[in-house]
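Listed below are the residues making up each chain.
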Amino acid sequence: MTAALHIEDLTIRTGDRVLVSGFSAAVGRGAPLTLLGESGSGKSLVAQAIMGTLPPGVAAQGRILLDGTDLLRLGPAARRALWGRRIGLLPQEPWTALDPTMRAEGQLAEVHRYVHGRRDAGRAAAAGLGEVGLADAARHYPFQMSGGMCQRLALAVAHAAGTPLLLADEPSKGLDGALRADLVARLRREVEAGRLLLTITHDVGLARALGGTACVMLDGRAVESGPTARLLDAPAHAYTRALIAADPAAWPARPPGEPGPPVIAGTGLSKAFGRRRLFADLTVEIRAGEILALAGPSGSGKTTLGNILVGTERPDRGAVRRAPGAAPVRFQKLYQDPPAAFVPHQTMGQALDHLARRHALDPARIAHLLARLKLPANLRKQRPGELSGGELQRFALARVLLLDPVFLFADEATSRLDPLNQREVAEILREASARDGLAVLFVTHDADLAGKIADRSIALR
Amino acid sequence: MMLQMQGLAGPDRPAATAWPLSRRIGLGLLALLAAFALLGPLLVDADPARQDLSASLAPIGSDFLLGADHYGRSLLARLAHGARLSFGMALLTMLSAAVPGLLLGVLAAWRGGVAERALVALSDIVLALPGLLLVLILLAFAPGHFLPLYLGLSLALWVEFFRVARTTTARLLVEPRIEAARLLGFGTPYILRHQVLPEIAPLLLTLAAFAMGTAILAISTLSAISVGLQPPTPELGSMIVELLPYYAEAPLAVLMPGLLIFLLVLGLQLTARGGTVR
């Protein structure tokens, strides 16, 4: 195999701290490489070192050879010149990487016009959009498109650039089953066209679908690497096994329970935004100790339905009936993006203290709950920005569970967490539901997850 | 100005940039000038209005530390009093623009509806008038008096505070953390105190420095064209104009009030820059 991208003994450090140590890997034509690992394992830093976008104060040593040129020896200007011509990046959150002031066709056309210098850029862009099924959205701005559409537009742009090396950073994040299969097919096509593909993900299923070689990273080191299929079928390292076991498809099924009386019920709910009707005459009931999974494509009104039940939005028609005698604070919500639900300048300890003061909570109970959720006491001094997504989501859970909730609306609460953290948060929810009779509305687009966590599922549209 | 404000309202502004070098230099400069303005009149025993025609245009270092003007009044005393006047008026003007601006802005974003539309319309009307024109209209009622000058400046300056407070609050109110705080049982006062104010405060500090700079320049400008404060009040702008005919004999006496205005505004601008430049 003639590998065209060689990473040799790459070490990334900031000050005295070593973030990635002695990382070596190779990507060949037709043999994509997938870096697997949880957030904070250093896999994104490897991609940033290849791009040359490491944050200030973070330095890389070693060699990164792209077709014989050592990228780390090049100056910043020379490296920038490679972007979009030799190295392409499919960013993690496509909608933040797209130009918010430019329509879809314009974003694609400018690649043809300025990178390739084509005169018929408009026609090429229209063809490219049609190819990813966005022909109808050509005149849309990014904010008018769903996450999946933005992802496909970013892919079309990356495809149009036609760089020999394509880096994909968590490309399946936030995509539902059908969109993910579509993404895999498109990435496979790029590989077959002879482009070098390096994918960064914590999605074991995506790694398996892409094939090639895989490398599992933990704390800045490659703990195991090899052909993807063999690595995932016969993992040698304990961490690889844990990562595979954390994939929802591999979870044990939830034992059937006996649901209690209804906690919350919506009857005849209708909601529309302007002329777009989300749902009409919808009836939903959740019982104590029951987990109801709510599935549906993005934009189908899953979050709106949950918000109506938890009381932060009003339905156009219909009524929500809550269990009598339960205080309003016992109806709670978990958010998709954990940092967004915390005040950035407040330490976790302050946030908990304020909550304890507001509701006269017992400090011993808080300490006990934090220990149960594996949140060490020293995290109390940290601010939300210094915690990982998994830790923050567990803090959010602790905050909510302290109020003895009877109903919890978990809005894609695990979709931004890596598999190990996702599994932990899901376990806590299952436990709270079985032990305390918590009724949960669990919004997810992951069919495997829905099947494993919930007692029953409903799908919107 | 508005664009600048929205740019620095980004969610992930690192805390380390809250006190960059420019802001520290600016605050240091302001502290020195404030000490001069506050302590100067106490330490220098001279009356800024006492004339000694025999010492007309006395040079620096004679009986008078910084020399004397054409009426033989101590320039040191006049400069210290002038600095105190400019500083004090700017501070007062800024406060009476910032407090209503902030309160109305938060109120507009919070209540929405008719209240918001009425307040926005009012602020747009004020914004459409040139600030100095507004001050001149009010000064026409009582030329040379302090009150209309102060009222006019405050009326012109509150709009910026209002607009920044309103857009920032409106942006915050749709964030999940406010919804989360409500669900967790926290009331409006808590959310305002712990979630809205800490986000607006750094922006207001920047705006406040700009507003004070604007006020100082406006007061000096208006006094220099003899519609603001009138002689013999030791006002920096009118001092320049009074001394201008004697530029050939005592150039430093003319330049010193100007230098003081420059340093005051520079200190304020540097303080404001700290919040805008990363």
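Everything numeric in this text was worked out from a predicted model, so none of it was measured.

Let us look at the overall build of chain B. Secondary structure summary: chain B contains 10 helices and zero strands in total. Moving toward the C terminus, one meets the helices and strands of chain B in the order α-α-α-α-α-α-α-α-α-α. Within chain B, the proportion of its 278 residues that are buried is 47%.

The next point concerns the overall build of chain A. Across its full length, chain A holds 16 helices and 18 strands. Here the C-alpha atoms of chain A give a radius of gyration of 24 Å, agreeing with the 23 Å that 2.2 N^0.38 yields for 461 residues. Dimensions of chain A, computed from the C-alpha atoms along their principal axes, are close to 70 × 50 × 40 Å. For chain A, long-range pairs separated by at least 24 residues make up 71% of all intrachain contacts whose partners lie at least 6 apart in sequence. Counting only carbon and sulfur atoms, one obtains 52% of the accessible surface of chain A, whose full area is about 20200 Å². For chain A, the separation between the mean place of its 57 positive charges and that of its 46 negative charges on side chains is 4 Å.

Another aspect to go through is the domain arrangement of chain A. The extent of an interface is frequently quoted as the accessible surface area lost upon association of the parts. Residue and element names in this part refer to chain A. Here the domain parsing of chain A yields domain 1 (3-247) and domain 2 (262-459). On the side of domain 2, nine residues touch domain 1, which itself brings 15 residues to the contact. Between domain 1 and domain 2, roughly 1100 Å² of surface is buried when both sides are summed, and carbon and sulfur atoms account for 55% of that area. In terms of surface lost to domain 2, no three residues of domain 1 exceed Asp 176, His 202 and Ala 246, which account for 39% of the buried area on that side.

On to the environment of A:Arg321. With respect to the helices, strands and loops of the structure, A:Arg321 is situated in strand S14 (residues 317-322). Taking the C-alpha atoms as reference points, A:Arg321 and A:Leu309, 12 residues apart in sequence, are found 8.7 Å from one another.

Further remarks concern the sheet that holds strand S3 (residues 33-36) of chain A. All names here are of chain A. With mixed pairing, the six strands of this open sheet are ordered in space as S6-S7-S8-S3-S9-S10. Two strands in the sheet have a free side with no partner beyond their single neighbour: strand S6 (87-90) and strand S10 (221-227). Put simply, the sheet's adjacent strands are angled 15° from each other on average, direction ignored. Direction of pairing for S3 relative to strand S8 (residues 196-201): parallel, over a ladder of four bridges.

With that settled, consider the packing of helix H2 (residues 21-43) of chain B against helix H3 (residues 75-111) of chain B. Residue and element names in this part refer to chain B. Between H2 and H3, whose axes approach to 8 Å, the crossing angle comes to 120°. Taken together, the axis directions place H2 and H3 in an arrangement best described as oblique. Along this stretch, H2 crosses H3, giving a crossing that reads as left-handed. Here H2 contributes Leu 30, Leu 33, Ala 34, Phe 36, Ala 37, Leu 38, Gly 40 and Pro 41 to the contact with H3, which in turn contributes Leu 76, Leu 79, Ala 80, His 81, Ala 83, Arg 84 and Phe 87.

As a further point, take the pairing of S3(A). Residues and elements named next belong to chain A. Both faces of S3 are covered, namely the face carrying Leu 33 and Leu 35 and the face carrying Thr 34 and Leu 36. As paired strands, S3 and strand S9 (residues 213-218) are joined by four bridges and run parallel to one another. Across the sheet, the residue bridging to Leu 33 is Thr 213, located in S9.

With that settled, the discussion passes to the sheet that holds strand S18 (residues 456-459) of chain A. Residues and elements named next belong to chain A. If you trace the five strands from one edge of the open sheet to the other, you get S15-S16-S17-S13-S18, paired in parallel fashion. Both outer strands of the open sheet, strand S15 (331-334) and S18, are each paired with one neighbouring strand and no more. Between one strand and the next, the sheet's axes are offset by a mean angle of 20°, whatever the strand orientation. Against the sheet, helix H14 (residues 389-401) engages S15 and strand S16 (407-411), with an angle of about 180° to S15.

What follows covers the interface of chain B and chain A. At the junction of the two partners, chain B supplies 13 residues and chain A supplies 21 residues. A per-residue breakdown of the area chain B buries against chain A is headed by B:Arg177, B:Leu183 and B:Leu184, which together make up 41% of the total. Inspection of the region where chain B meets chain A yields one salt bridge. Between A:Lys333 and B:Glu179 there is a salt bridge, and its shortest N-O distance comes to 3.0 Å. Connecting chain B to chain A are 10 residue pairs in polar contact (both at pLDDT 80 or more). When contributions to the side of chain B that touches chain A are tallied by element, the ones reaching two or more residues are helix H7 (176-183) and helix H8 (188-224) of chain B. Residues that form the side of chain B that touches chain A fall into these classes: seven nonpolar, three polar and three charged.

Another point: the nonpolar core. Within the largest apolar cluster, 133 residues are counted, with the highest numbers of intra-cluster contacts made by A:Phe395, A:Leu397, A:Phe407 and B:Phe161. Looking at this core element by element, the count peaks at 15 residues for H8(B). Setting aside its immediate chain neighbours within four residues, A:Phe395 contacts A:Phe342, A:Met348, A:Leu352, A:Leu370, A:Leu375, A:Leu379 and A:Leu387. Core analysis: the second largest hydrophobic core is formed by 33 residues, A:Leu5, A:Ile7, A:Phe23 and A:Met51 among them.

Unusually for a residue other than glycine, A:Asp219 sits at a positive phi of about 50°. Looking at where A:Asp219 falls in the secondary structure, it is placed in the loop between S9 and S10.

Analysis parameters
Residues numbered from 1 in each chain as written. Chains lettered and ligands numbered in written order. Predicted model: local features only at pLDDT ≥ 70, side-chain atom pairs only at ≥ 80, totals over all residues. Heavy atoms only, no water. Helix = DSSP H or I, 4+ residues; strand = E, 2+ residues; numbered from the N terminus. Buried < 20%, exposed > 50% of the residue type's maximum accessible area, 1.4 Å probe, protein only. Rg over C-alpha atoms; globule rule 2.2 N^0.38 Å. Contact = heavy atoms within 4.5 Å. Areas by Shrake-Rupley, 256 points an atom, 1.4 Å probe, with all protein chains shown as cover. Lys, Arg positive; Asp, Glu negative; His and termini not counted. Charge placed at Lys NZ, Arg CZ, Asp CG, Glu CD. Domains from an automatic or database assignment. Buried area = accessible area lost by both parts, 1.4 Å probe. Pairing = 2+ DSSP bridges. Axes fitted to C-alpha atoms, helices over the stretch in contact; angles between N-to-C directions. Parallel < 35°, antiparallel > 145°, perpendicular 65-115°, else oblique. Left-handed = near helix turned anticlockwise from the far one by under 90°. Salt bridge = Lys/Arg side-chain N within 4 Å of Asp/Glu carboxyl O. Polar contact = N/O pair within 3.5 Å; in protein donor to acceptor, adjacent residues only side chain to side chain. Nonpolar A, V, L, I, M, F, W, Y, C, P; charged D, E, K, R; others polar. Core = buried A, V, L, I, M, F, W, Y, C linked by side-chain atoms within 4.5 Å.

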